[in-house]
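Observations on chain architecture
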Amino acid sequence: MMDGHEVTVVDNFFTGRKRNVEHWIGHENFELINHDVVEPLYVEVDQIYHLASPASPPNYMYNPIKTLKTNTIGTLNMLGLAKRVGARLLLASTSEVYGDPEVHPQNEDYWGHVNPIGPRACYDEGKRVAETMCYAYMKQEGVEVRVARIFNTFGPRMHMNDGRVVSNFILQALQGEPLTVYGPGTQTRAFQYVSDLVNGLVALMNSNVSSPVNLGNPEEHTILEFAQLIKKLVGSGSEIQFLSEAQDDPQKRKPDIRKAKLLLGWEPVVPLEEGLNKAIHYFRKELEYQANNQYIPKPKPARIKKGRTRHN
Ligand SMILES: O=c1ccn([C@@H]2O[C@H](COP(=O)(O)OP(=O)(O)O[C@H]3OC[C@@H](O)[C@H](O)[C@H]3O)[C@@H](O)[C@H]2O)c(=O)[nH]1
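Residues numbered from 1 in each chain as written. Predicted model: local features only at pLDDT ≥ 70, side-chain atom pairs only at ≥ 80, totals over all residues. Heavy atoms only, no water.

Here is the rule: UniProt positions are given in the numbering used here, feature names are shortened, and annotations may be inferred rather than shown by experiment.
Looking at an unreviewed UniProt entry, one finds the protein chain named UDP-glucuronic acid decarboxylase 1, with Alligator sinensis as its source organism. Heading Subcellular location (unreviewed entry) of the UniProt record for the protein chain holds this comment: "Golgi apparatus, Golgi stack membrane".

**Overview of the side chain of T94**
Spelled out, the test is: Strands here are runs of E lasting at least two residues and helices are runs of H or I lasting at least four, both read from the DSSP assignment and numbered beginning at the N terminus. Each polar contact in these results corresponds to two N or O atoms within 3.5 Å; when the atoms are within protein, one needs to be able to donate a hydrogen and the other to accept it, and residues that are neighboring in sequence are counted only if both atoms are side-chain atoms. Residue contacts are counted whenever heavy atoms from the two residues lie within 4.5 Å of one another.
In this structure, T94 sits in strand β4 (residues 88-94). Side-chain polar atoms of T94 contact the backbone nitrogen of E96, separated by 2.9 Å. If we skip the residues at most four places from it in the chain, T94 touches Y123, K127, A148, R149 and I150.

**Side note on helix α6 (residues 223-234)**
The condition is simple: Every helix has an expected span of 1.5 Å times one less than the residues it contains. Buried residues are those whose accessible area, probed at 1.4 Å on protein chains only, stays under 20% of the maximum for their type, while exposed residues exceed 50% and partly exposed ones sit between those limits. To obtain the arc, one takes the directions from the helix axis to the C-beta atoms.
Across its twelve residues, α6 extends 16 Å between first and last C-alpha, which sits within 8% of the 16 Å expected from 1.5 Å per residue. Of the positions making up α6, those classed as buried are I223, F226, A227, L229, I230, L233 and V234. Down the axis of α6, the sector holding all buried residues measures 165°, keeping them to one side. Note on α6: the residue one or two positions beyond its end, G235, has a positive phi of about 75°.

**A word on the UniProt feature "domain: NAD(P)-binding" (unreviewed entry) in the protein chain**
This chain's UniProt record puts "domain: NAD(P)-binding" (unreviewed entry) on residues 4-278. Across residues 4-278, the secondary structure splits into 35% helix and 17% strand, with the terminal C-alpha atoms separated by 27 Å.

**A closer look at the sheet that holds β4**
Across a sheet, paired strands are connected by hydrogen bonds in the backbone, their directions being either parallel or antiparallel. Spelled out, the test is: Only strands that DSSP links by at least two bridges are regarded as paired with each other. Interaxial angle, 0 to 180 degrees, is taken between N-to-C directions of lines fitted to C-alpha atoms, where a helix line uses only the stretch in contact.
Spatially, the four strands line up as an open sheet ordered β3-β4-β5-β10, and their pairing is parallel. Single-partner strands in this sheet number two, and they are β3 (47-50) and β10 (213-215). On average, each strand axis in the sheet is tilted by 25° relative to the strand beside it, whichever way the strands run. In the sheet, strand β5 (residues 145-150) pairs with β10 via three bridges, with the strands oriented parallel. Among the inter-strand pairings, R149 is bridged to a residue of β10, identified as N214. Packing against the sheet, helix α2 (residues 64-85) makes contact with β3, β4 and β5, and its axis sits at approximately 170° to β3.

**Observations regarding the packing of helix α4 (residues 165-174) against α6**
Filter applied, for reference: To sort the angles, those under 35 degrees are grouped as roughly parallel, those over 145 as roughly antiparallel, those from 65 to 115 as roughly perpendicular, and the leftovers as oblique. In this scheme the crossing of two helices becomes right-handed for a clockwise turn of the near helix relative to the far one and left-handed for an anticlockwise turn of less than a right angle. Three classes are used: nonpolar for Ala, Val, Leu, Ile, Met, Phe, Trp, Tyr, Cys and Pro, charged for Asp, Glu, Lys and Arg, and polar for all others, with Gly counted as polar.
Relative to each other, α4 and α6 sit at 40°, their axes nearing to 9 Å. For the element pair α4 / α6, the angle class is oblique. As for how α4 packs across α6, the hand of that crossing is right-handed. Across the interface between the two elements, V165, V166, F169, I170, A173 and L174 from α4 touch I223, F226, A227, I230 and V234 from α6. The class makeup of the residues in the contact of α4 with α6 is eleven nonpolar, no polar and no charged.

**Considerations on the packing of α2 against helix α3 (residues 121-141)**
With their axes 9 Å apart at the nearest point, α2 and α3 run at an angle of 15° to one another. Judged by the inter-axis angle, α2 sits roughly parallel to α3. In this structure, α2 crosses over α3, and the sense of that crossing is right-handed. Across the interface between the two elements, P64, T67, L68, N71, T72, T75, L76, L79, G80 and K83 from α2 touch C122, Y123, G126, K127, V129, A130, M133, C134, Y137 and E141 from α3. A per-class count over the contact of α2 with α3 returns eleven nonpolar, six polar and three charged.

**Description of the site of the ligand**
Filter applied, for reference: Proximity criterion: a residue is near a molecule or strand once any of its heavy atoms comes within 4 Å of it. Areas reported here follow the Shrake-Rupley algorithm with a probe of radius 1.4 Å; residue values treat only the protein chains shown as occluding.
In the vicinity of the ligand there are 21 residues, among which T94, E96, T180, R189 and D249 approach most closely. R164 places a polar side-chain atom, nitrogen or oxygen, 2.7 Å from an oxygen atom of the ligand. With the chains in place, 96% of the 670 Å² that the ligand exposes on its own is no longer accessible. Where the shell around the ligand is concerned, the elements lending two or more residues are α1 (57-62), α4 and β7 (179-182). Broken down by class, the residue content of the shell around the ligand amounts to nine nonpolar, six polar and six charged.

Structure follows, in structure tokens:
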């Protein structure tokens with residue numbers, strides 16, 4: 001919008017929130033449509049960022065059939081729209097297409113190691129078939145597609161109940177509750193800050209690269225190190241609590257981003273601690289907002305009819 005583009009945001013608000021975009025309402029380049037991509041959408045556009053689907057494991061596992069419909073029927077609808085209006089479509093795919101990887105770090109040529117019937121399958125396999133659909137539409141119908149394989153991302157405007165590790169640990173540390181580590185905490189992840197991802201998505205959309213591109217920050221940590229870092233940054237005395245391991249949890253994950261560097265001239269620029277401090281500031285404000293905006297019902301005054309005695 002700042003570059004002069006007209007932007008139509010389509011959301012069914014399953015995991016999104018109107019508060020996240022309310023500051024744009026009234027801007028001449030902004031439009032918000034409450035719509036679910038599982039139903040066809042008729043708009044006139046040049047570019048489609050197809051970002052629909054819950055991305056947090058507890059959210060996508062909450063209703064696996066809906067997650068599958070969003071990633072399959074939703075993707076078909078968006079590709080159909082792209083075909084009809086001649087738009088270019090960028091699919092938000094995921095590092096989860098690599099499953100519990102046997103190759104480390106993961107590059108785009110790796111085919112992945114996914115359990116097709118496990119609890120994560122609705123998302124992993126949903127995104128894998130969404131990629132397949134993109135390339136079928138490209139080959140058969142000539143639709144221009146871009147596929148971003150997005151690695152773990154965090155930042156302000158995440159939902160307090162998101163359930164992913166960054167928001168969980170920050171909220172737990174801020175409230176003096178134990179930081180919940182699933183399993184021994186030796187599994188690794190690499191976290192990128194949201195503004196780096198947005199820059200990568202825009203660069204990919206406007207490039208001529210139609211094959212999949214990893215977007216992530218390659219700085220890798222164990223989840224236990226990550227819990228300790230968040231405790232330190234928050235200045236929290238919370239304990240670390242070890243809970244049972246999540247089923248099919250990928251044991252290591254780190255993006256190989258050489259392709260994005262070479263072909264898009266993109267790489268993450270926000271250091272982990274700087275991004276985490278911004279997220280901590282945001283969640284502190286969210287907790288204050290929640291404390292000040294709780295709905296406390298007022299007792300109703302008794303309705304006493306005139307002229308009659310009340311019998312209780
Ligand atoms: O409270 C928690 C939450 C999570 N974890 C662990 O932290 C690690 C990261 O978990 P998250 O839920 O944040 O995210 P995951 O890496 O499992 O999945 C993510 O992968 C990349 C994206 O496509 C998605 O955002 C999401 O599916 C996992 O090993 C998980 O078991 C905890 O130890 N404690």
